[in-house]
Amino acid sequence: MADVMIQVENLTKNYGTNCAVDQVSFNVHKGEVLGFLGPNGAGKSTTMKILTCFLAPTQGSAKVAGFDVFDQSLEVRRRVGYLPEDTPLYRDMTVLEHLDFAASMHGMKGDRVQARIKEIGGRCGLVEVAGKLVGELSKGYRQRVGLAQAMLHDPDILILDEPTGGLDPNQIAEIRTLIKEVGKEKTVILSTHILPEVQATCSRMLIISGGKLVADGTPDELRAREKATRYRLVIEANGAAPDAIKSKLAALSGVVGCEKVDGEPKTHTFAIDGSAKSDLRKALYQAAVDSKWILLELTRQAASLEDVFRNLTTGEESKS
Ligand code: ADP
Ligand code: MG
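Presented here is a report on the structure given in the accompanying data block. Here the structure is a predicted model, which means the values were calculated and not measured.

Conventions and cut-offs
Residues numbered from 1 in each chain as written. Chains lettered and ligands numbered in written order. Predicted model: local features only at pLDDT ≥ 70, side-chain atom pairs only at ≥ 80, totals over all residues. Heavy atoms only, no water. Helix = DSSP H or I, 4+ residues; strand = E, 2+ residues; numbered from the N terminus. Buried < 20%, exposed > 50% of the residue type's maximum accessible area, 1.4 Å probe, protein only. Contact = heavy atoms within 4.5 Å. Expected span 1.5 Å × (residues − 1). Arc of directions from axis to C-beta. Pairing = 2+ DSSP bridges. Axes fitted to C-alpha atoms, helices over the stretch in contact; angles between N-to-C directions. Donors = N, O, S within 2.8 Å, 3.2 Å for Na, K, Ca; no water. Parallel < 35°, antiparallel > 145°, perpendicular 65-115°, else oblique. Left-handed = near helix turned anticlockwise from the far one by under 90°. Nonpolar A, V, L, I, M, F, W, Y, C, P; charged D, E, K, R; others polar.

### Observations regarding the environment of Leu233
Then, number 1: Among the secondary structure elements, Leu233 is positioned in strand 11 (residues 230–238).
Then, number 2: Taking the relative accessible area as the measure of exposure, Leu233 reaches 1% and is therefore buried.
Then, number 3: C-alpha separation for the pair Leu233 and Gly274, spaced 41 residues apart in sequence, amounts to 7.6 Å.
Then, number 4: Ignoring any residue separated from it by four or fewer positions in sequence, one finds Leu233 in contact with Phe270, Ala271, Ile272, Leu280, Arg281, Leu284, Thr299 and Arg300.

See below:
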């Protein structure tokens, strides 16, 4: 087992009576790019603020690189680079001044500093804007400045809160490439409420919903887990009113969900979720014969991560 870089145990954070993070436990190993996925208000930012020592937990513990975030926060901060959700930048500094300032905040001194700024500025694609005011930069460039300042002191662990939030598709692609590059040598946690983001960048994902951890695994493991509990059939039928077909389908034994979806014109298309123990195909065919519908198509869909995410987090959109 590779080195554990982050160890979170029963982490809980209450804001007054609102429990934002509820008994969350997980580990992150060296070299992982972990996606922290969940709807708005799930508790992602709160967890990240605790891991970066900006908030104290109400209960439970978190260790980063072996150091307790509460008792040994200085040691933790040395080893962690943090990109907060709303990157706080001084708009009237130039990019270079900003990185200089960030270096001094990290306690970096000596000849090494300028070389390091140059190196990280280069990696983050900031060379051509080095003399520009931060306030004049596009959101994509500002995000790169945020990333650069998080990486300046060469931390082992990067914690990035919605690093692609508010960016256009080209900028998203650039930041993803950068994160993947960084992920080859560092441990990275990034949060997002967008599933494809995780699929594109992460080796492992946690899903958090309403402050609770509801899934932890590689994208393949989560898909397999979904497959073990249910499967989805898509059928196309005509010859009866859609509502009549739907209510008959929904009543079949083994059906756990049935919804009408968009499909070919002049036919009615339904997505049916069956429990893994059942085989609905025969019953569906029989229902069509009995009710004189015409069954035009029946296909089985592989479980997608979309399904996993939806099933685990529905009803948990932002409580705020
Ligand atoms: P996410 O980053 O997943 O969108 P947050 O961690 O920001 O979620 O928020 C989790 C919950 O905690 C939400 O219900 C939010 O309203 C609440 N919350 C976040 N920050 C504060 C705060 N400073 N004071 C009170 N409640 C907060
Ligand atoms: Mg957030």
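Text resumes after the structure shown.
### So, helix 6 (residues 169–183)
Then, number 1: For helix 6, built from 15 residues, the straight-helix expectation of 21 Å at 1.5 Å per residue is met to within 8% by its first-to-last C-alpha distance of 21 Å.
Then, number 2: Within the sequence span of helix 6, burial applies to Gln171, Ile172, Ile175, Leu178, Ile179, Val182 and Gly183. What you see down the axis of helix 6 is that its buried residues fit within an arc of 135°, all on one side. Away from its buried face by more than 90 degrees, helix 6 exposes Pro169, Asn170 and Thr177.
Then, number 3: The inward-facing, buried residues of helix 6 contact strand 3 (33–37), helix 4 (112–123), helix 5 (139–151), strand 7 (157–161), strand 8 (187–192) and helix 7 (195–201).

### Examining the sheet that holds strand 7
Then, number 1: A sheet is described by the order of its strands in space; here six strands give the open sequence 6-7-8-3-9-10, paired in mixed fashion. The open sheet has two edge strands, strand 6 (80–83) and strand 10 (212–217), and neither has a second partner. Each neighbouring strand pair of the sheet contributes to a mean axis angle of 15°, computed without reference to strand direction.
Then, number 2: Where strand 6 and strand 7 come together, four bridges link them in parallel fashion. What sits directly across from Leu83, in strand 7, is Leu160.
Then, number 3: Running at roughly 150° to strand 8, helix 6 makes contact with strand 3, strand 7 and strand 8 of the sheet.

### Some points on the coordination of the magnesium ion (ligand 2)
Then, number 1: Donor atoms from the polypeptide that bind the magnesium ion (ligand 2) are Ser45 (OG) and Glu85 (OE), placed at 2.0 to 2.5 Å. Pair noted here: Ser45 is in helix 1 (residues 44–51) and Glu85 is in the loop between strand 6 and helix 3 (95–105), with a separation of 40 residues, a long-range link.

### Thoughts on the pairing of strand 11
Then, number 1: Among the nine residues in strand 11, seven count as buried, and that is most of the element.
Then, number 2: Where strand 11 and strand 13 (residues 268–275) come together, eight bridges link them in antiparallel fashion. Bridge pairing in strand 13 links Ile235 to Phe270.
Then, number 3: The pairing of strand 11 with strand 14 (residues 294–301) spans seven bridges and is antiparallel. Pairing of Ala237 across the sheet is with Leu295, part of strand 14.

### Regarding the sheet that holds strand 2 (residues 18–29)
Then, number 1: With antiparallel pairing, four strands are arranged side by side in an open sheet as 2-1-4-5. Whereas interior strands pair on both sides, the edge strands pair on one side only; in this sheet they are strand 2 and strand 5 (67–68).
Then, number 2: As defined by bridge partners, strand 1 (residues 4–15) adjoins strand 2 across eight bridges and the pair is classed as antiparallel. Bridge pairing links Asn14 to Cys19 in strand 2.
Then, number 3: Contacts between helix 1 and the sheet are confined to strand 1, strand 2 and strand 4 (59–64), with strand 1 contributing the most and set at about 120° to the helix.

### Some points on the packing of helix 8 (residues 219–229) against helix 11 (residues 305–313)
Then, number 1: Packing of helix 8 against helix 11 brings their axes to within 9 Å, and their N-to-C directions diverge by 70°. On the basis of their axis angle, the class for helix 8 and helix 11 is roughly perpendicular. The hand of the helix 8/helix 11 crossing is left-handed. Judged by residue contacts, Pro219, Leu222, Arg223, Arg225 and Glu226 of helix 8 engage Leu305, Asp307, Val308, Asn311 and Leu312 from helix 11.
Then, number 2: In terms of residue class, the contact of helix 8 with helix 11 is made up of five nonpolar, one polar and four charged.

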